[in-house]
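Each chain, written out:
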Amino acid sequence: MYGNFQQYLTQELAAIEAAGLCKKERCISTPQQAAVKVNGHEETLNFCANNYLGLSNHPRLIEAAKKAMDSHGYGMSSVRFICGTQDIHKRLEAAISDYFRTEDTILYAACFDANGGLFEPLLAEDDAIISDALNHASIIDGIRLCKANRYRYANANMEDLERCLQAAQAQRYRLIATDGVFSMDGNVAPMDQICALAEKYNALVMVDESHSAGVVGPTGHGVAELFGLYGRIDVFTGTLGKSFGGALGGFTTGRREIIDLLRQRSRPYLFSNSLAPAIVGAGIEAFRMLKETDALHERLATNVVYFRDQMIHAGFDIKPTQSAICAVMLYDARLSQLFAQRMQEEGIYVTGFYYPVVPKGEARIRVQLSAGHEKNHLDKAIAAFIKVGKELQVLH
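Being a predicted model, the structure only gives us computed values, none of them experimental.

## Some points on the packing of helix H8 (residues 158–167) against helix H9 (residues 191–200)
Stage number 1. At a minimum axis separation of 11 Å, H8 and H9 run at an interaxial angle of 20 degrees. The orientation of H8 with respect to H9, classified from their angle, is roughly parallel. H9 is crossed by H8, and the crossing has right-handed handedness. Between H8 and H9, the residues in contact are Met158, Leu161, Glu162 and Leu165 and Gln193, Ile194, Leu197 and Lys200, respectively.
Stage number 2. Looking at side-chain class alone, the contact of H8 with H9 contains 5 nonpolar, 1 polar and 2 charged residues.

## What about the pattern of salt bridges?
Close approach of charged atoms allows side chains with opposite charge to pair.
Stage number 1. The full count for this structure, using the stated rule, is 26 salt bridges.
Stage number 2. The salt bridge involving Glu292 is made with Arg60; its shortest N-O contact spans 3.0 Å. Taken together, the residues span a long stretch of sequence, with Glu292 in helix H13 (residues 277–292) and Arg60 in helix H2 (residues 59–72) at a distance of 232 residues.
Stage number 3. Among the ionic pairs, Arg364 bridges to Glu362, the shortest N-O distance being 3.7 Å.
Stage number 4. Several salt bridges converge on common partners, so that one network encompasses Arg80, Lys90, Glu93, Asp104 and Arg263.

## Some words on the nonpolar core
Stage number 1. Among the nonpolar cores identified, the biggest contains 85 residues, and Ile233 and Phe385 are the most heavily contacted of them.
Stage number 2. Here this core takes 9 residues from H13, the largest share from any one element.
Stage number 3. Non-local contacts of Phe385, meaning those with residues more than four positions away in its chain, are made with Phe307, Met311, Phe316, Val328, Phe339, Met343, Val350, Ile365 and Val367.
Stage number 4. Among the nonpolar cores identified, the runner-up in size contains 20 residues, and Tyr108, Leu118, Ile129 and Ala148 belong to it.

## A look at the layout of surface pockets
Stage number 1. Approximately 1,000 Å³ is the volume attributed to the largest pocket.
Stage number 2. Along its surface, the largest pocket is lined by 34 residues, and Lys24, Arg26, Tyr349, Thr351 and Gly352 are the ones closest to its centre.
Stage number 3. Mapped by element, the contributors of at least two residues to the lining of the largest pocket are helix H15 (333–345) and strand E12 (352–353).
Stage number 4. With 7 residues, the single largest contributor to the lining of the largest pocket is H15.
Stage number 5. Classifying every residue of the lining of the largest pocket gives 10 nonpolar, 15 polar and 9 charged.
Stage number 6. Counted as a void, the second largest pocket has a volume near 700 Å³.
Stage number 7. Taken together, 28 residues form the lining of the second largest pocket, with Ala133, Leu134, Asn135, His136 and Ile140 sitting closest to its centre.
Stage number 8. Secondary-structure elements contributing two or more residues to the lining of the second largest pocket are strand E4 (128–132), helix H7 (137–144) and strand E5 (149–153).
Stage number 9. Here the residues of the lining of the second largest pocket sort into 14 nonpolar, 4 polar and 10 charged.

## As for a nonpolar patch on the surface
Stage number 1. A surface patch of nonpolar side chains, amounting to about 350 Å² of accessible area, comprises Tyr2, Phe5 and Tyr8.
Stage number 2. Structurally, the position occupied by Tyr2 is in helix H1 (residues 2–18).

## Comments concerning the packing of H2 against H13
Stage number 1. As a packed pair, H2 and H13 sit with axes 7 Å apart at the nearest point and diverge in direction by 140 degrees. It follows that H2 is oblique to H13 by the angle criterion. H13 is crossed by H2, and the crossing has right-handed handedness. Where H2 abuts H13, its residues Arg60, Leu61, Ala64, Ala65, Ala68, Met69 and His72 lie against Pro277, Ala278, Gly281, Ala282, Glu285, Ala286, Arg288, Met289 and Glu292.
Stage number 2. Across the contact of H2 with H13, the residue classes break down as 10 nonpolar, 2 polar and 4 charged.

## Here's the deal with helix H11 (residues 256–265)
Because each turn of an α-helix spans 3.6 residues, side chains separated by three or four positions end up pointing in the same direction.
Stage number 1. All of the buried residues in H11 are Ile258, Ile259, Leu262 and Arg263. Down the axis, H11 shows its buried residues gathered within 140 degrees of arc, on one side only. Exposed positions of H11 whose direction lies more than 90 degrees from the buried face are Glu257, Gln264 and Arg265.

## Description of empty space enclosed by the protein
Stage number 1. All told, the structure shown has 3 cavities of 30 Å³ or more when counted by the stated rule.
Stage number 2. Looking at the largest cavity, its volume works out to about 80 Å³.
Stage number 3. As for the largest cavity, its lining consists of Arg80, His89, Leu107, Tyr108, Ala109, Pro268, Tyr269, Ser272, Asn273, Ser274 and Leu275.
Stage number 4. Listing elements by their share of the lining of the largest cavity, those giving two or more residues are strand E3 (104–108) and helix H12 (267–270).
Stage number 5. Per-class residue counts for the lining of the largest cavity are 6 nonpolar, 4 polar and 1 charged.

## Quick word on the sheet that holds strand E1 (residues 35–37)
Stage number 1. In space, the 3 strands of this open sheet follow the order E1-E2-E11, with mixed pairing throughout. Only two strands of the sheet have a single partner each, and these edge strands are E1 and strand E11 (348–349).

## Description of the pairing of E3
When a strand is regular, its side chains alternate between the sheet's two faces.
Stage number 1. Burial within E3 is extensive, with 5 of its 5 residues counted as buried.
Stage number 2. The sheet contact formed by E3 and strand E9 (residues 250–254) spans 5 bridges and is antiparallel. Paired with Asp104 across the strands is Gly254, a residue of E9.

## Comments concerning the pairing of strand E8 (residues 235–239)
Stage number 1. For E8, a buried count of 5 out of 5 residues is recorded, marking the element as mostly surrounded by other parts of the structure.
Stage number 2. Bridge count for strand E7 (residues 204–208) against E8 is 3 bridges, and the pairing is parallel. Each bridged residue has a counterpart across the sheet, and for Asp208 the counterpart in E8 is Thr237.

Calculation criteria
- Residues numbered from 1 in each chain as written.
- Predicted model: local features only at pLDDT ≥ 70, side-chain atom pairs only at ≥ 80, totals over all residues.
- Heavy atoms only, no water.
- Axes fitted to C-alpha atoms, helices over the stretch in contact; angles between N-to-C directions.
- Helix = DSSP H or I, 4+ residues; strand = E, 2+ residues; numbered from the N terminus.
- Parallel < 35°, antiparallel > 145°, perpendicular 65-115°, else oblique.
- Left-handed = near helix turned anticlockwise from the far one by under 90°.
- Contact = heavy atoms within 4.5 Å.
- Nonpolar A, V, L, I, M, F, W, Y, C, P; charged D, E, K, R; others polar.
- Salt bridge = Lys/Arg side-chain N within 4 Å of Asp/Glu carboxyl O.
- Core = buried A, V, L, I, M, F, W, Y, C linked by side-chain atoms within 4.5 Å.
- Buried < 20%, exposed > 50% of the residue type's maximum accessible area, 1.4 Å probe, protein only.
- 1 Å grid on protein atoms, 1.4 Å probe; cavity = no way out; pocket = protein on both sides within 12 Å on 5 of 7 lines; lining within 4 Å.
- Points joined across faces, edges and corners; volume = space filled by probe spheres on them.
- Patch = residues over 30% accessible without salt bridge, like charges linked within 9 Å, V, L, I, M, F, W, Y side chains within 5 Å.
- Areas by Shrake-Rupley, 256 points an atom, 1.4 Å probe, with all protein chains shown as cover.
- Arc of directions from axis to C-beta.
- Pairing = 2+ DSSP bridges.

Geometric values such as these leave the question of function open.
Structure, rendered in structure tokens:
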């Protein structure tokens, strides 16, 4: 039976390769940090990890993970409601609630699961979800699993959002779903305007903080801090896999009754193993560190401003960014891959993004800054961008 299907798969893979859209993985042989070894090369500077606060290889998190394994074991072998809840799970949930100033938190294996398990338990055929057009794939997939009516508005376009909200008045309950920071462009959702429209049209608000928590806001606490919206956003989702240590784990945090219902009906929570003790222990330590000092966020903010300003001065086409994501626009898919390959040869690890990850004709190199980067790292990356940019006639 596999013969015909194998031929189909082979043709599809060949078409992807011919179109210059094949995603090829590079192998890191060191811990995740600012300087890594890739494919056996000597030191390579990593500018494409979500390691925003530089915590992925922090000794305090590693030690906390080891201690959690010593005290609570390697794995739970169960889901939370059967026999998979430990005291440290509850402590991590409390730490996340404290960080976001919310009433309660529920943990998931990943934020993809948090988003996948959010909408279906809360909303039904009589309800509506109004979603930003550039929302993450996990939000899109979560919405697909829900029977609520679907509306989509143009990215951060408040006139279009208001049009959708007016149309959705025909439904019982309405929920606006948006990323806090849109991961391909680096722009921040206008949450102050979104909340104002939500209150005008009697809608709930959900925001995915995966790329915004730890990054935006005066002390990096995300969009609620940035816009002064504590108490006005109903539910947040997020990840432990970016700013908060870079491993696994997601969460939903928000109003108590929402979290209570998710514990009863959210399928990824009910049917997935509990987070491993090592991840939970390191997560608790990450939030403890961020409560002690804002130094890592301050360093990240300094690095972002310096890199962005230097790249613009060099003549690169940079998407307006309010986050740690800097999109260097190249527009051509093949060019983005070639550019990334040449940057690797210069000792800089970046990745070309192209369709279907971004729209056709919007190919780019997405640079992600980290508190782990030193100024000499930034200068080396900028010099490499300028050199390769001139070679490939991106700069003239």
